[in-house]
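Understanding the architecture of this molecule
As a plain string of letters, each chain reads:
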Amino acid sequence: MKKIIIGSRGSKLALLYAEKAKQYLINSGNLTKEEILIKKIVTKGDQVQDKRLSEIGGKGLFSKNIEKELLDKNIDIAVHALKDMPAIETGGLYSNCYLKRNDSREVLISRDGKNIKDIKQNAVIGTSSYRRDFQINRLRNDLKSKLIRGNVDTRIQKLQDGNYDAIILSLAGLKFLNLEKKISQIFSIDEIIPSAGQGIITLQCRNDDQETKSLLKKTNDSETEIRATAERNVLKILEGDCETAVGAHSFIKDKKITLKAELFSLDGTQKYYEEGTDDIENYKELGLEIGKKLKFKSGDNYKK
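From a predicted model like this one, the values you see are computed outputs, not experimental measurements.

1. With respect to the pattern of salt bridges
Counting across every chain of the model gives 22 salt bridges. Across the pair Arg-9 and Asp-84 runs a salt bridge, and its minimum N-O distance is 3.5 Å. Here Arg-9 is found in the loop between β1 (4-8) and α1 (12-29), whereas its partner Asp-84 is found in the loop between β3 (77-81) and β4 (93-98), with 75 residues between them in sequence. Taking relative accessible area as the criterion, Arg-9 reaches 18% and is therefore assigned buried. Look at Asp-84 and you get buried, because its relative accessible area is 17%. Its salt-bridge partner being Lys-271, residue Glu-262 comes within 3.4 Å of it at the nearest N-O pair. If you follow the salt bridges from partner to partner, you end up with Asp-76, Arg-206 and Asp-209 in one network.

So, in structure tokens, the structure goes:
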């Protein structure tokens with residue numbers, strides 16, 4: 001019996017994502033759990049945890065090793081958090097498979113349980129994202145951002161050890177890890193626009209692997225695919241990388257798609273915002289249009 005091998009990062013959260021993908025494949029492909037194996041793959045993003053991703057190679061650090069294993073035929077399916085994926089897809093891989101989206105909002109976890117308005121003056125906020133750094137500064141400009149890396153448990157431990165007064169994380173990850181009781185505040189989309197694709201698990205296979213591609217297509221959630229594509233098209237126009245402070249979020253209602261996006265200048269002092277609504281079949285064009293408007297408004301001062 002041929003085994004299907006799923007490749008995943010080895011963190012607790014990444015393995016939960018892989019288990020969810022495995023369950024989707026079992027349900028949609030009439031497979032048994034014994035037919036699907038999960039292989040842990042170490043990524044450079046996991047190995048180097050004392051620097052910003054932009055300093056050591058950018059977003060692809062969480063996906064390149066896994067994609068290489070896929071291209072080398074050591075695994076059959078790759079599992080990723082979509083927000084960790086570069087805007088431009090890797091050649092030779094089929095990447096248009098998205099599991100149903102989880103909650104995309106951002107959360108605050110503070111040591112004293114207070115929300116963003118009530119934590120102490122000049123509190124230190126842990127984040128590894130320029131986007132989150134600049135967005136928090138807009139909510140309270142006295143707060144001090146400090147780099148934090150590592151998996152969710154590591155970050156929470158660093159908070160409890162007193163290295164930070166609060167940290168910003170994604171709600172989806174905390175839900176998977178059953179850590180919702182730790183949350184001090186859930187930010188609305190209007191308060192903090194999340195990263196493009198946040199809350200989405202994406203699966204990949206080789207483009208020439210027709211059998212696995214057919215299996216992935218059965219697991220794909222069409223509404224999530226529409227939203228993911230619209231949001232990532234903003235990034236494609238901006239050529240977004242780890243130093244690009246950009247948030248993008250979409251929602252669908254009454255066969256219309258609405259997309260909100262904001263972009264910050266390199267130093268975070270300028271914010272550019274765009275929002276648009278169109279018929280759902282125009283989702284690709286809406287993302288590209290929003291991206292072009294942001295690029296024009298910013299005068300390209302968001303990239304080095």
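That covers the picture; the talk isn't over yet.
2. As for the packing of helix α9 (residues 222-238) against helix α10 (residues 283-298)
Relative to each other, α9 and α10 sit at 30°, their axes nearing to 7 Å. Judged by the angle between their axes, α9 and α10 are roughly parallel. The way α9 lies across α10 gives a crossing that is right-handed. Along its contact with α9, which presents Ile-226, Thr-229, Ala-230, Asn-233, Val-234, Ile-237 and Leu-238, the element α10 presents Tyr-283, Lys-284, Gly-287, Leu-288, Ile-290, Gly-291, Lys-292, Leu-294 and Lys-295.

3. A closer look at the environment of Leu-108
Assignment of secondary structure puts Leu-108 in strand β5 (residues 106-110). Judged by its relative accessible area of 0%, Leu-108 falls in the buried class. Residues Leu-108 and Phe-187, 79 residues apart in the sequence, show an inter-C-alpha distance of 7.6 Å. What Leu-108 contacts, discounting residues up to four positions off in sequence, is Lys-114, Asn-115, Ile-116, Ala-166, Ile-167, Ile-168, Ile-183, Ser-184, Gln-185 and Phe-187.

4. Here we look at the pairing of β4
Across the six residues of β4, five count as buried, placing the element largely inside the fold. Note that β4 and strand β10 (residues 201-206) share four bridges and pair antiparallel. Across the sheet, Tyr-94 pairs through a bridge with Cys-205, a residue of β10.

5. Section: the packing of aromatic side chains
Under the defined criterion, the tally for this structure stands at three aromatic pairs. Note on Tyr-17 and Phe-176: the rings are 4.9 Å apart at their centroids and 85° apart in plane angle, and the pair reads as edge-to-face. In this pair, Tyr-17 sits in helix α1 while Phe-176 sits in helix α7 (residues 171-176), placing the two residues 159 residues apart along the sequence. Here the aromatic cluster, defined as three or more aromatic residues joined through ring pairs, consists of Tyr-130, Phe-134 and Phe-264. The ring centre of Tyr-164 lies 5.0 Å from the NZ or CZ of Lys-146, which sits over that ring.

6. Notes on the sheet that holds strand β7 (residues 144-146)
Ordered in space as β7-β6-β8-β5-β9, the five strands form an open sheet in which the pairing is mixed. With one partner strand each, in any of the chains shown, β7 and β9 (185-186) form the two edges of the open sheet. In this structure, β5 lies alongside strand β8 (residues 166-170), joined through five bridges in antiparallel fashion. Opposite Glu-106, over in β8, you have Ser-170 as the bridge partner. Its contacts with the sheet place helix α5 (residues 130-139) against β5, β6 (124-126), β7 and β8, and it is angled at close to 120° to β8. Its contacts with the sheet place helix α6 (residues 152-160) against β5 and β8, and it is angled at close to 165° to β8.

7. Focus on the sheet that holds strand β12 (residues 256-264)
Overall, antiparallel pairing links the three strands, which are arranged β11-β12-β13 in an open sheet. Looking at which strands have only one partner, the edges of the open sheet turn out to be β11 (246-253) and β13 (271-279). Each strand of the sheet is rotated relative to its neighbour by a mean of 10°, with strand direction disregarded. Docked against the sheet, α5 engages β11, β12 and β13, running at close to 90° with respect to β12.

8. Concerning α10
An α-helix turns once every 3.6 residues. As a result, residues three or four positions apart point the same way. Helix length check: α10 (16 residues) gives 23 Å between terminal C-alpha atoms against 22 Å at 1.5 Å per residue, within 8%. Where α10 is concerned, the buried positions are Tyr-283, Leu-286, Gly-287, Ile-290, Gly-291, Leu-294 and Ser-298. Seen along its axis, α10 keeps its buried residues to an arc of 130°; they face one direction. Residues of α10 that are exposed and angled more than 90 degrees away from the buried face: Lys-292 and Phe-296. Looking at the packing, one finds that the buried side of α10 touches α9, β12 and β13. The first or second residue beyond α10 is Gly-299, which carries a positive phi of 65°.

Thresholds, definitions, all that
- Along every chain, residues carry numbers that run from 1 in the direction the sequence is written.
- Only residues with pLDDT of 70 or above have their local features reported here, since the model is predicted, and side-chain atom pairs are shown and tallied only from 80 upward, although totals for entire chains, interfaces and linings are computed over all residues.
- Each side-chain value is worked out from all heavy atoms of the structure, with water and hydrogens disregarded.
- Basic side-chain nitrogens of Lys or Arg form a salt bridge, by our definition, when they fall within 4 Å of a carboxyl oxygen of Asp or Glu.
- The helix and strand labels rest on DSSP assignments: H or I over at least four residues marks a helix, E over at least two residues marks a strand, and numbering proceeds from the N terminus.
- Throughout, exposure labels follow a simple rule: accessible area from a 1.4 Å probe, protein chains only, divided by the maximum for the residue type, with under 20% read as buried, over 50% as exposed, and the rest as partly exposed.
- Helix axes use the C-alpha atoms of the stretch in contact, all axes being lines fitted to C-alpha atoms, and the angles between their N-to-C directions lie in the range 0 to 180 degrees.
- The labels follow the angle: roughly parallel below 35 degrees, roughly antiparallel above 145, roughly perpendicular from 65 to 115, and oblique for the rest.
- Left-handed describes a crossing whose near helix is turned anticlockwise from the far helix by less than a right angle; the clockwise case is right-handed.
- Note on definitions: a residue-residue contact is assigned when non-hydrogen atoms from the two residues lie within 4.5 Å.
- A pair of strands is labelled paired if DSSP reports no fewer than 2 bridges between them.
- Working definition: a ring pair exists when centres of Phe, Tyr or Trp rings (six-membered ring for Trp) sit within 6.5 Å. Plane angles under 30 degrees give stacked, over 60 give edge-to-face, the rest tilted.
- Over a ring means this: the NZ of a Lys or the CZ of an Arg is within 6 Å of the ring centre and within 35 degrees of the ring normal.
- How far a helix is expected to stretch is found by multiplying one less than its residue total by 1.5 Å.
- This arc is taken over the directions from the axis of the helix to the C-beta atoms.

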